[in-house]
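Structural overview for review
Each chain, written out:
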Amino acid sequence: MARQQGGGRATVRAIAAEAGVSIATVSRVMNGHAHVAPDTQELVRKAVARLGAPAPARRGSASGAIYVRCPYVLTDYFGVIVSSIAETLDLHGRRLVLSAGDAARDLQVLPGLPNDAGIAGAVLIVPPEPERELEALRAQDFPFVVVDPRTPLPRDIASVSAANLTAARSVTAHLVELGHRRIGVIGGPGDWLASRSRLAGHTSALAEVGVLPSPELLRSIEPTADWGYDAACELLDLPQRPTALVAFNDKAAVGALRAAYERGLRVPEDLSITGFDDIDLSRSTVPRLTTVRQPLEEMGRMAVSLLMRLLDRHTVDTLHVELATHLVLRGSTGPAPATP
């Protein structure tokens, strides 16, 4: 095969093939990253000398930046995912352009991404944009991956999430095994995909023991400690209160713990409470929370991995990836009391 001599332009892929290294390694060497072995750097430099310097970046090339949109405060859940994405992009030699914080929620950024020559692709974390905007972005052949989508996505839009239905079913099944039948649900916003999936898992576990969920035991909230507290107060003040509360996340569960304490209810002797996410907060309560551990770091890594394959135009058979969760049993759950 004829080779282009030094002084011309070559693709990063061609240089990687010539040097016998990965595209990411070529990108790191060309961008001056220190974490590349000297021998490997020399292989890349010799390949460049033979083939020519890399051509200017174009969409999908190894040197384009990745736009990460997370229009939420970067604490706990969101901060872990964004940190994982940043670390993984660095391993691929990719520059990150981050848009984060509540103020970013109303920014109309998606329509302009395909026209930004410096952006190769994007990772969108729980995007607030309606499905039609995501479909419009996909129609322009712009590579992107959604992490934890709010709404069901078309089959051709890549996404990574936790197995919410299975996770919620495992939580309620654990409570059912402890004898609980009257279980209150402090769910997330009713229009979130995760909320609906978890409610379906909860309902499935109850159905296995012949229990129909009661609408009076369901509250849909913004998943914060204050909203969790208010919802728990309503549920615990019912004439026949629940013996257990399943919260959408650990923050809402902490609010439920406060509501129980104010009513003189012992956890778990009088009331069991579960969370979701397994953030640091879940290990700081008294008692510590039984919760579901979401693979937040792996969600970030998987999103980047999937995006890299899309950028390299690889065939991807599974665009919707659901990662397994793990039920973490701690002190906030126990046998159902004989008389609630």
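Provided above is the structure to which this section pertains.
Residues numbered from 1 in each chain as written. Predicted model: local features only at pLDDT ≥ 70, side-chain atom pairs only at ≥ 80, totals over all residues. Heavy atoms only, no water.

According to the stated counting rule, one finds 18 salt bridges in the structure shown. Between lysine 251 and aspartate 76 there is a salt bridge, and its shortest N-O distance comes to 3.3 Å. Here lysine 251 is found in helix α9 (residues 250-262), whereas its partner aspartate 76 is found in helix α4 (residues 76-91), with 175 residues between them in sequence. For lysine 251, a relative accessible area of 26% puts it in the partly exposed group. Taking relative accessible area as the criterion, aspartate 76 reaches 34% and is therefore assigned partly exposed. Close ionic contact of glutamate 234 with arginine 219 constitutes a salt bridge, the shortest N to O distance being 2.6 Å. Of this pair, glutamate 234 sits in helix α8 (residues 225-236) while arginine 219 sits in strand β9 (residues 218-220), placing them 15 residues apart in sequence. (Salt bridge = Lys/Arg side-chain N within 4 Å of Asp/Glu carboxyl O. Helix = DSSP H or I, 4+ residues; strand = E, 2+ residues; numbered from the N terminus. Buried < 20%, exposed > 50% of the residue type's maximum accessible area, 1.4 Å probe, protein only.)

Relative to each other, helix α6 (residues 164-177) and helix α7 (residues 193-207) sit at 35°, their axes nearing to 7 Å. For the crossing formed where α6 meets α7, the hand is right-handed. Contacts between α6 and α7 involve Asn164, Leu165, Ala168, Arg169, Thr172, Ala173 and Val176 from the first element and Ala194, Ser197, Arg198, Ala200, Gly201, His202, Ser204, Ala205 and Leu206 from the second. (Axes fitted to C-alpha atoms, helices over the stretch in contact; angles between N-to-C directions. Left-handed = near helix turned anticlockwise from the far one by under 90°. Contact = heavy atoms within 4.5 Å.)

Attention now moves to the packing of aromatic side chains. Under the counting rule described, the total for this entry stands at three aromatic pairs. Considering the side-chain rings of tyrosine 77 and phenylalanine 78, the 5.0 Å spacing of their centres and the 85° angle between planes classify their relative orientation as edge-to-face. For the ring pair tryptophan 192 and phenylalanine 248, a centre distance of 6.0 Å and an interplane angle of 65° mean the geometry is edge-to-face. Placement of the pair is tryptophan 192 in the loop between β8 (183-187) and α7 and phenylalanine 248 in the loop between β10 (244-247) and α9, with a sequence separation of 56 residues. Geometry around phenylalanine 276 places arginine 198 over its ring, the cationic atom sitting 3.6 Å from the centre. Over the ring of tyrosine 229 we find arginine 258; its NZ or CZ atom is 3.8 Å from the centre of that ring. (Phe/Tyr/Trp six-rings, centres within 6.5 Å; stacked < 30°, edge-to-face > 60°. Lys NZ or Arg CZ within 6 Å of the ring centre and 35° of its normal.)

Read from one edge to the other, the open sheet built from six strands follows the order β4-β3-β5-β6-β7-β13, with strand pairing classed as parallel. Edge positions in the open sheet fall to β4 (96-100) and β13 (320-323), since each of these has one partner strand only. Put simply, the sheet's adjacent strands are angled 15° from each other on average, direction ignored. When strand β5 (residues 119-125) meets strand β6 (residues 144-147), the two strands line up parallel, connected through four bridges. Of the residues in β6, the one forming a bridge with alanine 122 is phenylalanine 144. (Pairing = 2+ DSSP bridges.)

Another point: helix α3 (residues 38-51). In a regular helix each residue adds 1.5 Å, so 14 residues correspond to 20 Å; α3 covers 20 Å between its end C-alpha atoms and thus fits that length. Those residues of α3 that fall on the buried side of the exposure criterion are Gln41, Val44, Ala47, Val48 and Leu51. Viewed along the axis of α3, the buried residues span an arc of 125°, placing them on a single side of the element. α3 presents Pro38, Asp39 and Ala49 as exposed residues on the side facing more than 90 degrees away from its buried surface. Positioned one or two residues after α3, glycine 52 has a phi angle of 110°, which is positive. (Expected span 1.5 Å × (residues − 1). Arc of directions from axis to C-beta.)

The next thing to look at is unusual backbone geometry. With an omega of 15°, the peptide bond running from valine 267 to proline 268 counts as cis. With respect to the secondary-structure elements, proline 268 resides in the loop between α9 and β11 (272-274). The step from valine 286 to proline 287 runs through a cis peptide bond, and the omega angle for that step is -5°. A positive phi angle is found at valine 126, which is not glycine, with a value near 40°.

What the four strands build is an open sheet, ordered β9-β8-β10-β11; its pairing is parallel. Strands at the two margins of the open sheet, each flanked by one partner only, are β9 and β11. Strand after strand, the sheet turns through a mean of 15° between neighbouring axes, direction not considered. Sheet topology note: the β10/β11 ladder contains three bridges and is parallel. Counterpart to alanine 244 in the pairing with β11 is serine 272. Along the sheet, α8 makes contact with β8, β9 and β10, crossing β8 at roughly 155°.

Here we come to the nonpolar core. Counting residues in hydrophobic clusters, the biggest one holds 30 residues, and the most contacted among them are Ile66, Ile81, Ile85, Val123, Ile125, Val160 and Met299. Sorting the residues of this core by element identifies β3 (65-70), α4, β5, β6, β7 (158-162), α10 (296-311) and β13 as the ones contributing at least two each. For this core, the element with the most residues is α10, which contributes eight residues. Ignoring sequence-local partners within four residues, the contact set of isoleucine 85 consists of Val68, Leu96, Val123, Ile125, Gly300 and Val304. Counting residues in each nonpolar core, the second largest holds 23 residues, with Ile186, Leu217, Leu238 and Leu289 among its members. (Core = buried A, V, L, I, M, F, W, Y, C linked by side-chain atoms within 4.5 Å.)

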